[in-house]
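Chain and residue survey
Now for the letters of each chain:
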Amino acid sequence: MKIGIVSDSHGNTGALDAMLAHPAADGVSCWLFAGDIAGDGEYLSMVTRQTVIRVAGNNDWPYSSLQDVEIAEIEGHRIFLTHGHLFGVSFSTAALQEAARAEGADLAVYGHTHVADCSPGEITVLNPGSIARPRDSARGSFLIVSLMPDQQPECRLIRLSGAKGC
Ligand SMILES: [Mn+2]
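Residues numbered from 1 in each chain as written. Predicted model: local features only at pLDDT ≥ 70, side-chain atom pairs only at ≥ 80, totals over all residues. Heavy atoms only, no water.

Quick note on the threshold: UniProt positions are given in the numbering used here, feature names are shortened, and annotations may be inferred rather than shown by experiment.
Taking an unreviewed UniProt entry as the reference, the protein chain is identified by name as Phosphoesterase belonging to Selenomonas montiformis. The record held by UniProt for the protein chain lists under Sequence similarities (unreviewed entry) the comment "Belongs to the metallophosphoesterase superfamily. YfcE family."

Spelled out as structure tokens, the structure:
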């Protein structure tokens, strides 16, 4: 099953539209939105037919009713989804991986840093970067992940064409 992961759109719903229009997004069964900002996750859930699993970001507190952590079960994988600021991800993903392990997850998905991260391992750690305000490129990014039972996820980082959003 193919899932899409996006984060840190910071109000730029046009970047989300560009993501959905990207050929790589064809056939996505489910989206994960890793926070910042909650209204964009809501927008995404309205403009797609697919389920959008969402968490709150640091810029969403205390106005959002979204949780800080969601656990998703997809194709035999258990995914720990969080924005990341509560786990110190700007310094290290060690605490994030520990929290994911404690939940029995094999994937940990975060955002917040605006820097893409695809690190396979006992806990596969994934960050789609920022779709609108990337810090690792001039172009916003999202992740396409293929999940198959009993196999390591296959991850593909997709960058939007054109100038970065604002
Ligand atoms: Mn953030």
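1. Points about the overall build of the protein chain
Counted only if it meets this: Secondary structure elements are taken from DSSP: a helix is a run of H or I of four residues or more, a strand is a run of E of two residues or more, and numbering for both begins at the N terminus. Radius of gyration: C-alpha atoms only; globule rule: 2.2 Å multiplied by the number of residues to the exponent 0.38. Note on classification: 1.4 Å probe, protein chains only; a residue is buried when its accessible area is under 20% of the maximum for its type, exposed when over 50%, partly exposed between these limits. Here, two residues are considered to be in contact whenever any of their heavy atoms come within 4.5 Å of each other. Note on areas: Shrake-Rupley with a 1.4 Å probe; residue coverage comes only from the protein chains shown. Charge counting follows a simple rule: Lys and Arg are positive, Asp and Glu are negative, and His as well as the terminal groups are ignored. Lysine's charge is taken at NZ, arginine's at CZ, aspartate's at CG and glutamate's at CD.
A tally of regular secondary structure across the protein chain gives 3 helices and 10 strands. Traced from its N-terminal end to its C-terminal end, the protein chain shows the element sequence β-α-β-α-β-β-β-α-β-β-β-β-β. For the protein chain, the C-alpha radius of gyration of 14 Å lies close to 15 Å, the compact-globule estimate for 166 residues. Once the C-alpha set of the protein chain is aligned to its principal axes, its extents read approximately 35 × 35 × 30 Å. Within the protein chain, the fraction of its 166 residues that count as buried is 48%. In the protein chain, of all internal contacts separated by at least 6 residues, the share reaching a separation of at least 24 is 52%. Approximately 7,500 Å² of the protein chain is accessible, and the part contributed by carbon and sulfur atoms is 49%. Here the protein chain contributes 11 positive and 19 negative side-chain charges, whose respective centroids are spaced 8 Å apart.

2. Some details on the coordination of the manganese ion
For clarity, the threshold we go by: In this analysis a donor is any N, O or S atom within 2.8 Å of a metal ion (3.2 Å for sodium, potassium and calcium), and since water is not included, sites may seem incomplete.
Protein coordination of the manganese ion is provided by Asp36 (OD), Asn58 (OD1), His83 (NE2) and His112 (ND1), with donor distances spanning 2.1 to 2.5 Å. Read from N- to C-terminus, the donor residues coordinating the manganese ion fall into the pattern D-x21-N-x24-H-x28-H. Taken together, the positions of Asp36 in the loop between strand E2 (30-33) and helix H2 (38-47) and His112 in the loop between strand E6 (107-109) and strand E7 (116-119) put the pair 76 residues apart, joining distant regions of the chain. On the accessibility criterion, His112 (18% relative accessible area) is buried.

3. Regarding helix H3 (residues 94-102)
Note the following rule: By construction, the arc corresponds to the directions joining the helix axis to the C-beta atoms.
What H3 keeps buried is the set Leu96, Ala99 and Ala100. The buried residues of H3 all sit within an arc of 100 degrees when viewed along its axis, so they share a single face. Contacts from the buried residues of H3 go to strand E5 (77-82), E6 and strand E8 (124-128). In the stretch just after H3, Gly104 is the one whose phi turns positive, near 75 degrees.

4. So, the packing of aromatic side chains
Heads up, the condition is: Aromatic rings from Phe, Tyr and Trp, taking only the six-membered ring of Trp, are treated as a pair when their centres fall within 6.5 Å; an angle between ring planes under 30 degrees marks them as stacked, one over 60 as edge-to-face, and anything in between as tilted.
Taken as a whole and judged by the stated rule, the model has 2 aromatic pairs. Where Phe80 meets Phe87, the ring centres are 5.8 Å apart and the plane angle is 75 degrees; that geometry is what we call edge-to-face. Overall, Phe80 belongs to the buried group, its relative accessible area being 3%.

5. Concerning the environment of Gln152
Along the chain, Gln152 falls in the loop between strand E9 (141-146) and strand E10 (154-159). Along the primary structure Gln152 and Asp68 are separated by 84 residues, whereas in three dimensions their C-alpha atoms are 26 Å apart.

6. A short note on unusual backbone geometry
Residue Asp36 is joined to Ile37 through a cis peptide bond whose omega torsion reads 0 degrees. Its location among the elements puts Ile37 in the loop between E2 and H2. The backbone of His10 shows a phi angle near 45 degrees, a positive value even though the residue is not glycine. Classification of His10 as buried rests on a relative accessible area of 15%. For Glu75, which is not glycine, the phi torsion reads 50 degrees and is therefore positive. Inspection of the secondary structure puts Glu75 in the loop between strand E4 (69-74) and E5.

7. A word on the pattern of salt bridges
Put simply, the test is: We count a salt bridge whenever a side-chain nitrogen from Lys or Arg sits within 4 Å of a carboxyl oxygen from Asp or Glu.
In the structure shown here, the tally under the stated rule is 5 salt bridges. Put simply, Glu73 and Arg78 hold a salt bridge, and the shortest N to O gap is 2.6 Å. A residue is classified by how much of its surface remains accessible, and Glu73, at 54% relative accessible area, is exposed. Residue classification places Arg78 among the partly exposed positions, given a relative accessible area of 24%. Between Glu98 and Arg101 there is a salt bridge whose closest N-O contact spans 3.0 Å. Linking Glu98 with Arg101, this pair stays in helix H3, spanning 3 residues, or about one helical turn.

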